[in-house]
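Chain by chain, the residues:
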Amino acid sequence: MFRFEEPSYLYLLFLFPFLIGLHYFTNYIRRKRILCYGDIELLKRMMEGVSVYRREVKTWFVFMALMMMVFVLARPQFGTKTEIRKRQGIEAIIAMDISNSMMAEDVTPNRLEKSKMLVSSIVDNMTDDKIGLIVYAGEAYIQLPITSDYVSAKMFLETITPSLITTQGTDIKQAIDLALRSFTHNQDVSKAIFVITDGEDNEGGAVEMAKVAAEKGIKVYVLGVGSPQGAPIPMLGSSQYITDNTGNVVISKLNEKMCREVAEAGEGAYIYVDNSSSAQNKLSDYVDKLAKKDMESTVYSEYDEQFQGVALLALLFLLFDILIVERRNPLFKNIKLFRK
């Protein structure tokens, strides 16, 4: 694959039509001035050894050298270098609840932002692992396919908001099902699903789906965010809280019972998330305990710099310009210098 590392320098090429036009214009003016000195035949005899064609060739060699220097500045590169790495790690898919109830502020700053902090910390501690992101509410969607690109993982993590899914609810079953279908086909890698939720408005079937995951050798961990006492749910873009049909403020409570049942069925563990760092420490311990085996080889390309060859061409053009003299070659002495 070919590319320029600094393509902005290529805009300098637009100067060359102007330079070429200026060159021919100055030649025209110079020729007109020479003809003012006297008879055309006399001038030809006085300038018999001058070769206008050699001067033209020398000029074009300079133009070509300058053009090559522009390409050198743009740094041409080829993606011809590939490397295969053997890595050891796990595959982890984070299924994050982004329903409106995750905006409750019984943890600081709110349940969703606290969850994003946890995931960001997981990514920071990864080295040879793969991670994928799934967001869900009443429906589940892949936010980031499983990857070892941690920079992209954190970038996609920052974009997660409740507005990504309009269907409300907490369909953990669908989230686990989608996670199971999102892993790679590598059978020799430890795999785990980390479900982050407050357990509100569960659509049912989550326990059964967690059992399916466990039967496939994939552990399901559940991180319960919030408090059993609950908190009101702020309305997006407003200082008010969400109310029910009777006008009463809705209080969202962490459903720990359901979270524990799903984690037990998935042969994983339940982690309670509050304002302390205990959840982060427990999560790191569970990730470290997962067996790390050889993962599929990762193939990636690196771009090799190719400006050296272009710079050599520029030097050659300049060398030709120096070596060629403007004196006429005797073999071409019959070529006319002036045209009427």
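Computed from a prediction, not measured in an experiment: that's the story for all the values here.

1. Observations concerning the environment of Met 126
Note that Met 126 resides in the loop between α4 (111-124) and β4 (130-136). For Met 126, a relative accessible area of 7% corresponds to the buried category. Ignoring any residue separated from it by four or fewer positions in sequence, one finds Met 126 in contact with Ala 92, Ile 131 and Tyr 150.

2. Topic: the nonpolar core
Counting 37 residues, the largest nonpolar core has Ile 94, Met 96, Val 119, Phe 194 and Leu 223 as its most contacted members. Counting residues per element, this core draws most heavily on α4, which supplies five residues. Every residue in contact with Met 96, bar those within four places of it in the chain, is listed here: Leu 112, Ser 115, Lys 116, Val 119, Ile 134, Val 135, Tyr 136, Leu 157, Ile 160 and Ile 196. The next biggest cluster of nonpolar side chains, apart from the first, holds 29 residues, and it includes Ile 176, Val 195, Leu 254 and Cys 259.

3. Digging into helix α8 (residues 256-265)
Along an α-helix, residues three or four apart share an orientation, since each turn contains 3.6 residues. Every buried residue of α8 is listed here: Met 258, Cys 259, Val 262, Ala 263 and Ala 265. End-on, the buried residues of α8 take up no more than an arc of 165°, which puts them together on one face. In α8, those exposed residues whose orientation departs by more than 90 degrees from the buried face are Lys 257 and Glu 264.

4. A few points about the packing of aromatic side chains
Under the counting rule described, the total for this entry stands at seven aromatic pairs. Both rings, one in Phe 61 and one in Phe 320, keep their centres 5.3 Å apart while their planes meet at 50°; by these two values the pair is tilted. Taken together, the residues span a long stretch of sequence, with Phe 61 in helix α3 (residues 52-74) and Phe 320 in helix α10 (residues 307-323) at a distance of 259 residues. For Phe 320, a relative accessible area of 36% corresponds to the partly exposed category. Following the ring pairs from residue to residue traces out a cluster consisting of Phe 61, Phe 317 and Phe 320.

5. Section: helix α5 (residues 150-158)
Restricting attention to buried positions, one finds in α5 the residues Tyr 150, Ser 152, Ala 153 and Leu 157. Mapping the buried residues of α5 onto a view down its axis gives an arc of 155°, with all of them on the same face. Of the exposed residues in α5, the ones pointing more than 90 degrees away from its buried face are Val 151, Met 155 and Glu 158. Here the buried face of α5 lies against β3 (88-97), α4, β4 and β5 (140-147). Of the residues that open α5, the one with a side-chain oxygen 3.3 Å from the backbone nitrogen of Val 151 is Asp 149.

6. Focus on the environment of Leu 164
As for its position among the elements, Leu 164 is in the loop between α5 and α6 (172-180). Along the sequence, Leu 164 and Ile 98 sit 66 residues apart, while their C-alpha atoms lie 8.1 Å from each other.

7. As for the pairing of strand β6 (residues 190-197)
A large share of β6 lies buried, amounting to eight of its eight residues. Here β6 shows two buried faces, one formed by Ser 190, Ala 192, Phe 194 and Ile 196 and the other by Lys 191, Ile 193, Val 195 and Thr 197. Bridge count for β3 against β6 is seven bridges, and the pairing is parallel. Looking at the pairing, Ile 94 lines up with Phe 194 of β6.

8. Topic: the packing of α4 against α5
In the contact formed by α4 and α5, the axes pass within 10 Å of each other and the chain directions differ by 175°. On the basis of their axis angle, the class for α4 and α5 is roughly antiparallel. In contact with Lys 116, Val 119, Ser 120, Val 123 and Asp 124 of α4, α5 contributes Tyr 150, Ala 153, Lys 154, Leu 157 and Glu 158. Classifying every residue of the contact of α4 with α5 by side-chain character gives five nonpolar, one polar and four charged.

What counts and what doesn't
- Residues numbered from 1 in each chain as written.
- Predicted model: local features only at pLDDT ≥ 70, side-chain atom pairs only at ≥ 80, totals over all residues.
- Heavy atoms only, no water.
- Helix = DSSP H or I, 4+ residues; strand = E, 2+ residues; numbered from the N terminus.
- Buried < 20%, exposed > 50% of the residue type's maximum accessible area, 1.4 Å probe, protein only.
- Contact = heavy atoms within 4.5 Å.
- Core = buried A, V, L, I, M, F, W, Y, C linked by side-chain atoms within 4.5 Å.
- Arc of directions from axis to C-beta.
- Phe/Tyr/Trp six-rings, centres within 6.5 Å; stacked < 30°, edge-to-face > 60°.
- Polar contact = N/O pair within 3.5 Å; in protein donor to acceptor, adjacent residues only side chain to side chain.
- Pairing = 2+ DSSP bridges.
- Axes fitted to C-alpha atoms, helices over the stretch in contact; angles between N-to-C directions.
- Parallel < 35°, antiparallel > 145°, perpendicular 65-115°, else oblique.
- Nonpolar A, V, L, I, M, F, W, Y, C, P; charged D, E, K, R; others polar.

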